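# A closer look at the structure
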Amino acid sequence: MDVKIAESWKKELGAEFEKEYFKDLTSFVKKEYLEHTCYPPANSIFSAFDHCAFEDVKVVILGQDPYHGPGQANGLCFSVADGIPHPPSLINIFKEIETDVGTPVPNSGNLERWASQGVLLLNATLTVRAHQAGSHQRKGWEQFTDAVIETLSRKRTNIIFLLWGGYAKKKGVKIDTSKHHVLTSGHPSPLSANRGYWFGNGHFSKTNVLLNKQGLKPISW
């Protein structure tokens, strides 16, 4: 099956695209985009991979679902298109970054600038129907993104995985912790953050310390 995804990932994940679950998933997604408004735009479904090549991944951040409001989702978890107001979780991410490493809250919530530095911003489910959170869950995307994590875990070393919230932590069972770094905390959503499970986790400075120890360039958050 010809999937429009960056070549570095096509080489690693090609076997997944030939499996029955992925063919079923493709049929489902095509039908959904044809009959309903869905996000992100069809040409941005694999944007996380297009902006961060397999061999360039230094950090992985796991999200759950794309944003389901108009114009928000751009194919990278927690990221929104330029000019779109920052959603609550992203506001809390930027607040923690400001406290942790001193970077002021930016005007744009477009996180492509992180992806270009080696941060894979991966949602567990890559598509969603407008205004219906979770509407494309359990259709095959989770199996695909598990394969992404497993492939990175198996073929790479010293990647830093940031797992925020229970859902991401469960997905983290695919990671070989003997050869990778895993940082966990509560989710940046207001519900979790306001209960004290997010703020103060220091993940952004800790990530850069780990990168420095490897002799790699830290992320400009």
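A quick note: this is a predicted structure, and the numbers were derived from the prediction, not measured. (Residues numbered from 1 in each chain as written. Predicted model: local features only at pLDDT ≥ 70, side-chain atom pairs only at ≥ 80, totals over all residues. Heavy atoms only, no water.)

Another point: the pairing of strand 2 (residues 59-63). Within strand 2, five of the five residues are buried, which leaves it mostly tucked inside the rest of the structure. Both faces of strand 2 are covered, namely the face carrying Val59, Ile61 and Gly63 and the face carrying Val60 and Leu62. (Buried < 20%, exposed > 50% of the residue type's maximum accessible area, 1.4 Å probe, protein only. Helix = DSSP H or I, 4+ residues; strand = E, 2+ residues; numbered from the N terminus.)

Taken as a whole and judged by the stated rule, the model has seven salt bridges. Notably, a salt bridge pairs Glu35 with Lys31, separated by 3.2 Å at the nearest N-O pair. A residue pair is termed a helical-turn pair when its members lie 3 or 4 positions apart in one helix, as Glu35 and Lys31 do in helix 2 (residues 20-35) at four residues. Across the salt bridge formed by Lys171 and Asp146, the nearest N and O atoms sit 2.6 Å from each other. Note that Lys171 is positioned in helix 7 (residues 166-171) and Asp146 in helix 6 (residues 141-155), a separation of 25 residues in sequence. Neither residue differs from the other here; Lys171 and Asp146 are each classed as buried. (Salt bridge = Lys/Arg side-chain N within 4 Å of Asp/Glu carboxyl O.)

Time to look at helix 4 (residues 88-101). An ideal rise of 1.5 Å per residue puts 20 Å on 14 residues; helix 4 measures up with 20 Å between its terminal C-alpha atoms. Looking at helix 4, one finds that the buried residues are Ser89, Leu90, Asn92, Ile93, Phe94, Glu96 and Ile97. Following helix 4 by one or two positions, Gly102 has its phi on the positive side, about 85°. (Expected span 1.5 Å × (residues − 1).)

A separate point is the sheet that holds strand 2. Across the sheet, which stays open at both edges, the four strands sit in the order 3-2-5-6 with parallel pairing between neighbours. Because the sheet does not close on itself, it has two edges, and the strands there are strand 3 (119-123) and strand 6 (181-185). Neighbouring strand axes in the sheet, compared pairwise and without regard to direction, differ in orientation by 20° on average. Summarising the sheet, strand 2 and strand 3 pair through five bridges and their orientation is parallel. Within strand 3, the position partnered with Gly63 by the bridge is Asn123. Where helix 6 meets the sheet, it contacts strand 2, strand 3 and strand 5 (160-164), and its direction lies at approximately 150° from that of strand 3. Contacting strand 2, strand 5 and strand 6, helix 9 (residues 203-213) runs over the sheet at an angle of about 165° to strand 5. (Pairing = 2+ DSSP bridges. Axes fitted to C-alpha atoms, helices over the stretch in contact; angles between N-to-C directions. Contact = heavy atoms within 4.5 Å.)

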